[in-house]
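Residue strings, one per chain:
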Amino acid sequence: MKKHLLVLALGICSLSPAFAQSVKVKTKGPGPATPASVEAAVATAQNPVRGGKVIPVAEYYEGGQEAMYAFIEKEMKYPLMARRNRIQGTCIVSFTLNTDGTLSGVKLVKQIGGGCGEEALRLVHLLKFKKPDYAILTSLPISFKLPAPGQAAAE
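Only a predicted model underlies this, so the values are computations on that prediction, with no experimental measurement involved.

What counts and how
- Residues numbered from 1 in each chain as written.
- Predicted model: local features only at pLDDT ≥ 70, side-chain atom pairs only at ≥ 80, totals over all residues.
- Heavy atoms only, no water.
- Pairing = 2+ DSSP bridges.
- Helix = DSSP H or I, 4+ residues; strand = E, 2+ residues; numbered from the N terminus.
- Phe/Tyr/Trp six-rings, centres within 6.5 Å; stacked < 30°, edge-to-face > 60°.
- Buried < 20%, exposed > 50% of the residue type's maximum accessible area, 1.4 Å probe, protein only.
- Axes fitted to C-alpha atoms, helices over the stretch in contact; angles between N-to-C directions.
- Parallel < 35°, antiparallel > 145°, perpendicular 65-115°, else oblique.
- Left-handed = near helix turned anticlockwise from the far one by under 90°.
- Contact = heavy atoms within 4.5 Å.
- Nonpolar A, V, L, I, M, F, W, Y, C, P; charged D, E, K, R; others polar.
- Arc of directions from axis to C-beta.

**Topic: the pairing of strand β2 (residues 103-110)**
- Where strand β1 (residues 89-97) meets β2, 5 bridges bridge the pair, whose relative direction is antiparallel. Within β2, the position partnered with V93 by the bridge is L108.
- Here β1 hands over to β2 after 5 residues, with G101 in that stretch at a positive phi of 90°.

**Quick look at the packing of aromatic side chains**
- Scanning all chains against the criterion turns up 4 aromatic pairs.
- On the basis of an interplanar angle of 75° and a centroid distance of 5.9 Å, the ring pair of Y61 and F129 is categorised as edge-to-face. Pair noted here: Y61 is in the loop between α2 (35-46) and α3 (64-75) and F129 is in the loop between α5 (116-126) and β3 (136-144), with a separation of 68 residues, a long-range link.
- Y61 sits in the buried class, given a relative accessible area of 11%.
- Taking relative accessible area as the criterion, F129 reaches 10% and is therefore assigned buried.
- By the ring-pair criterion, three or more aromatic residues cluster together here, those being Y61, F71, F95 and F129.

**Observations regarding the packing of α3 against α5**
- The interhelical angle for the contact between α3 and α5, taken along N-to-C directions, is 130°, at an axis separation of 10 Å. Viewed along their axes, α3 and α5 adopt a mutual orientation that is oblique. Where α3 crosses over α5, the two elements pack in a sense that is right-handed. Between α3, through F71, I72 and E75, and α5, the contact on the second element is made entirely by E119, R122, L123 and L126.
- Its residues placed into classes, the contact of α3 with α5 shows 4 nonpolar, no polar and 3 charged.

**Focus on α5**
- Taken together, the buried positions of α5 are occupied by C116, G117, E119, A120, L123 and V124. Around the axis of α5, the buried residues are gathered within 160° of arc, so they sit on the same side.
- For α5, the secondary structure elements touched by its buried residues are α3, α4 (80-84), β1, β2 and β3.

**Regarding the environment of I112**
- As for its placement among the helices and strands, I112 is situated in the loop between β2 and α5.
- Placed 32 residues apart in sequence, I112 and F144 show a C-alpha to C-alpha distance of 9.2 Å.
- Leave out the neighbours within four places in its chain, and I112 touches I87, Q88, G89, T90, C91 and F144.

The analysis is restricted to geometry; functional conclusions fall outside its scope.
Here it is as structure tokens:
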């Protein structure tokens, strides 16, 4: 009986490599460079954008998207309730940029609380855009991030 178990165990051990799955490992590396991928890389390097997303109405703001977000950061007054409760995140404001450069239909799409939504609405109303050729319905994300504990808080 012991011989049969030993033979059976040896037989199973010798067959196990035959049943093992072969695994092919693919390495991720840069594939062949296409003209489109090269153009996209150059455009990204020349025009850094906040979070990698282009806001459609930013081209109608004097100075572009970076200037628009610099203005928002300069004018932002972090709500006291949000500061006390350590509330951080992104509010999203939706609006229509009319052909005369005015805003209409301004509404809060995403609220994080603590007064941040009201501050985001106030900031959007302060923005001045150039006149587009057609009305544009868009949304604008506004990030609220508290400074690190060691940094001075901007009031």
